[in-house]
Amino acid sequence: MQAFPLLAGSAVAEITPDRSMFLAGYPNVQRDSTGVHDSLLTSALCLQASDTRVLLISNDLIYISKESVARIRQRISESTGGHIPTANILISATHTHSGPKMLDPVATSGDSAAAKTDPKYVAFVEDRIVDAGTRAAQMLYPAEIGLAVADATGIGTNRRDPAGACDLNVPVLLIREIDQYDVLACMLVCSMHPTVLHEDSTLISGDFPAMARRQLQRELFGSDCPVLYHTGPAGNQSPRHVTRANTFAEAERLGRILSDAVKKVIPSIQFRREIAQEVRSASIKLPLRCFMSEPEAKTKLDGATARLAQLRESGAPRTQIRTAEVDFFGAQETLTLARAAASGAIASAAARVMPAEIQLVRIGPWNFIAWPGEMFVEFAQEVKRRSPDTFLISYANGELQGYLVTREAAEEGGYESSNAIFKSPDGGELLVQTTLRLLR
């Protein structure tokens, strides 16, 4: 592909609610916000080379629905006079568990403590994303771009097995204006659940990614510089085994590990002023999994309940108890899904999220792949093994009503495989195969 001079623009908008709202991410708890620890943001970056414009937007949300993405894309494309095709817009969620809901997953429909999604907040968020995306596209400056990969060791591990599969390589894309060398934006992709804060925290927050962003802005880029944070495939990645407590101080500490890793590699970045850009996409239909009958699901829930009680009574380690807790949550969701399959609600939920979109945004020599939903890191590692300079973004352009897991995890039947409506490992393997075809 031919390279052309780069133009770039960026913008930020707040998506913090102005009232108390239910905080999504943990089951069985009436968790209404009591204040704001740090603002939730939507951060946008527009890149143009020749006639090709791409727009990347990250959002401090747990999920963003396929319907919201379609509306936002259409509005941004129209507001920019069609200069940004809808297919060239990538919209992701950081997956913070300390912000409001944007949709109602079928797996949590049996949770009586969970409030329903507020359509007024969804509309507010969509308006703010459109605003940030449009402003980023309207103010383009001659720019240069470069990338380095940071090592974020210390922010977490595989959550089921601390010695298991993990990817702590963090691509750091830096864009700066040519004239003054002011940084226009920094973009990160980090494959780790932002779940330092647990269900006992009732303050709105972006968790440790927001802490890392604030540290970078305060110490390096300036408070007005957008830092786009995308979460890579992290379905089995968690801070669980490295945190000392589930506090804001710990979120700050993990944020510091990440921000220091970013700062360390920035001096090594080599910038280029001409790039080639390309966007490709593919749609796939994932197969539904087989669901337990209601009696089978009740038996599973009884087993998970008994195991959790036994671990608590024996004084087992905190991390072991937490794993059993989430397996108990998964068993509850297995029962909910068994009932939903019998009622037809599963088919309805699948229709809302299918087909799944795979998006390739090629920026110079670097490939950014956007996957919807929540999948295990092994799927991303397979793509990266076969395609160097490729980075995977998840929770992007929609969601999948649960996880895509490895064969071993599906056979084990833990939390992640329980909280899923699509078949594993088939769904993840189909994502990988289709992605590799796009890259070729």
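With respect to the packing of helix H1 (residues 66–79) against helix H2 (residues 119–138)
Running from N to C, H1 and H2 cross one another at 35°; their axes reach a closest spacing of 9 Å. The hand of the H1/H2 crossing is right-handed. Of H2, the residues touching H1 (which contributes Ser68, Arg71, Ile72, Arg75, Ile76 and Ser79) are Val122, Glu126, Asp127, Ile129, Val130, Gly133, Thr134 and Gln138. Here the contact of H1 with H2 is built from residues that sort into 5 nonpolar, 5 polar and 4 charged.

Looking at the side chain of Ser387
By the element assignment, Ser387 lies in the loop between helix H8 (377–386) and strand E20 (390–393). Given the relative accessible area of 12%, Ser387 is considered buried. Setting aside anything within four residues of it in sequence, one finds Ser387 in contact with Asn367 and Leu439.

A word on the pattern of salt bridges
Counted according to the given criterion, the structure contains 32 salt bridges. One salt bridge in this structure joins Arg19 and Asp18, with 3.3 Å as the shortest N-O distance. On the basis of relative accessible area, Arg19 is assigned to the partly exposed category, the value being 37%. By relative accessible area, which is 72% here, Asp18 ends up exposed. One salt bridge connects Glu382 with Arg385, and the closest N-O pair in it is separated by 2.9 Å. With Glu382 and Arg385 both in helix H8 and 3 residues apart, the pair spans about one turn of that helix. Its relative accessible area of 26% is what places Glu382 among the partly exposed residues. Look at the salt bridges and you will find they share partners, linking Arg159, Arg160, Asp327, Glu412 and Glu416 into a network.

A word on the state of the cysteines
Two cysteines joined by a covalent bond between their sulfur atoms form a disulfide. Summed over the entire model, instances satisfying the criterion amount to 0 disulfides. Its sulfur unpaired, Cys46 is 15 Å from the next cysteine sulfur, which belongs to Cys225. No disulfide involves Cys166; its nearest neighbouring cysteine sulfur is the one of Cys190, lying 9.0 Å away.

Quick notes on the packing of H8 against helix H11 (residues 426–439)
Contact geometry of H8 with H11 gives a least axis separation of 9 Å together with a crossing angle of 25°. Here H11 runs roughly parallel to H8, going by the angle between their axes. In the crossing of H8 with H11, the sense of the turn from one axis to the other is right-handed. Across from Phe379, Glu382, Val383 and Arg386 in H8, the residues of H11 making contact are Gly428, Glu429, Val432, Thr435, Leu436 and Leu439. In the contact of H8 with H11, the residues fall into 5 nonpolar, 2 polar and 3 charged.

A short note on the packing of aromatic side chains
The full count for this structure, using the stated rule, is 5 aromatic pairs. When the ring of Phe328 is compared with that of Phe329, the centres are 6.1 Å apart and the planes differ by 55°; the resulting orientation is tilted. The burial state of Phe328 is the same as that of Phe329; both residues are buried. Between the aromatic rings of Tyr403 and Tyr415, the centroid separation amounts to 5.7 Å while the plane-to-plane angle is 75°, which identifies the pairing as edge-to-face. Separated by 12 residues along the polypeptide, Tyr403 in strand E21 (residues 403–404) and Tyr415 in helix H10 (residues 415–418) bring together distant segments of the chain. The same class applies to Tyr403 as to Tyr415, namely buried. The lysine or arginine in question, Arg176, covers the ring of Phe271, its NZ or CZ lying 3.8 Å from the ring centre.

Looking at the environment of Trp371
With respect to the secondary-structure elements, Trp371 resides in the loop between strand E18 (366–370) and strand E19 (374–375). Residues Trp371 and Ile393, spaced 22 residues apart in sequence, show a C-alpha to C-alpha distance of 6.1 Å.

Describing the environment of Phe376
With respect to the helices and strands, the residue Phe376 is situated in the loop between E19 and H8. With relative accessibility at 3%, the residue Phe376 sits in the buried group. As a C-alpha pair, Phe376 and Ala409 span 33 residues in sequence and 9.4 Å in three-dimensional space. Setting aside residues no more than four positions away along its own chain, Phe376 makes contact with Pro233, Gly235, Asn236, Tyr403, Leu404, Val405, Thr406, Ala409 and Glu416.

Digging into the environment of Ala340
Secondary-structure assignment places Ala340 in helix H6 (residues 318–343). Ala340 sits in the buried class, given a relative accessible area of 6%. For the pair Ala340 and Gly110, spaced 230 residues apart in the sequence, the C-alpha separation amounts to 9.5 Å. Each residue touching Ala340, except ones within four places of it in the same chain, is listed here: Val106, Ala345 and Ile346.

Considerations on helix H4 (residues 248–265)
Here H4 is 18 residues long and its end C-alpha atoms lie 26 Å apart, about the 26 Å a rise of 1.5 Å per residue gives. Among the residues of H4, Phe248, Glu250, Ala251, Leu254, Gly255, Leu258, Ser259, Ala261, Val262 and Val265 are the ones counted as buried. Contacts from the buried residues of H4 go to strand E8 (141–151), strand E10 (169–177), strand E11 (183–190), strand E12 (203–204), helix H3 (207–221) and strand E13 (227–231).

Observations regarding unusual backbone geometry
Between Met354 and the following residue, Pro355, the backbone shows a cis peptide bond with an omega angle of -5°. Along the chain, Pro355 turns up in the loop between helix H7 (345–353) and strand E17 (356–363). Cis geometry marks the peptide bond from Ser424 to Pro425, where omega comes out at 5°. Note on placement: Pro425 falls in the loop between H10 and H11. At His95, a residue that is not glycine, the phi angle is positive and equals roughly 80°. Here His95 shows up in the loop between strand E6 (89–93) and strand E7 (99–100). Residue classification places His95 among the buried residues on the basis of a relative accessible area of 1%. Positive phi values are uncommon outside glycine, yet Asp389 reaches one of about 60°. Along the chain, Asp389 turns up in the loop between H8 and E20.

The rules we used
Note that residues are indexed from 1 along each chain, following the sequence as it is written. The predicted nature of this model means local features are confined to residues of pLDDT at least 70 and side-chain atom pairs, given and counted, to a pLDDT of 80 or more, with totals for whole chains, interfaces and linings taken over all residues. To obtain the side-chain values, all non-hydrogen atoms of the structure were used and water was disregarded. Note on method: axes are straight lines fitted to C-alpha atoms, helices fitted across the in-contact stretch only, with angles between N-to-C directions ranging 0 to 180 degrees. Per the convention used, a helix needs a DSSP run of H or I reaching at least four residues, while a strand needs a run of E reaching at least two, with both numbered from the N terminus. By the definition used in this description, the sense in which the near helix is turned from the far one sets the handedness, with an anticlockwise turn below a right angle giving left-handed and a clockwise turn giving right-handed. The contact criterion used throughout is that any non-hydrogen atoms of two residues lie within 4.5 Å. In this classification, the charged set is Asp, Glu, Lys and Arg, the nonpolar set is Ala, Val, Leu, Ile, Met, Phe, Trp, Tyr, Cys and Pro, and all remaining amino acids, among them Gly, are polar. Burial classes follow relative accessibility: with a 1.4 Å probe on protein chains only, a residue under 20% of its type's maximum area counts as buried, one over 50% as exposed, and anything between as partly exposed. The term salt bridge refers to a side-chain nitrogen of Lys or Arg lying within 4 Å of a carboxyl oxygen of Asp or Glu. In this description, the term disulfide denotes a pair of cysteine sulfurs within 2.5 Å. For classification purposes, angles smaller than 35 degrees are called roughly parallel, those larger than 145 roughly antiparallel, those between 65 and 115 roughly perpendicular, and all remaining angles oblique. Any two of the Phe, Tyr and Trp rings considered here, Trp counted by its six-membered ring, make a pair once their centres fall within 6.5 Å; the pair's planes then place it as stacked at under 30 degrees, edge-to-face at over 60, or tilted in between. A positively charged side chain is recorded as over a ring if its NZ (Lys) or CZ (Arg) lies within 6 Å of the ring centre. The angle to the ring normal must also be within 35 degrees. A helix is expected to span 1.5 Å for every residue after the first.

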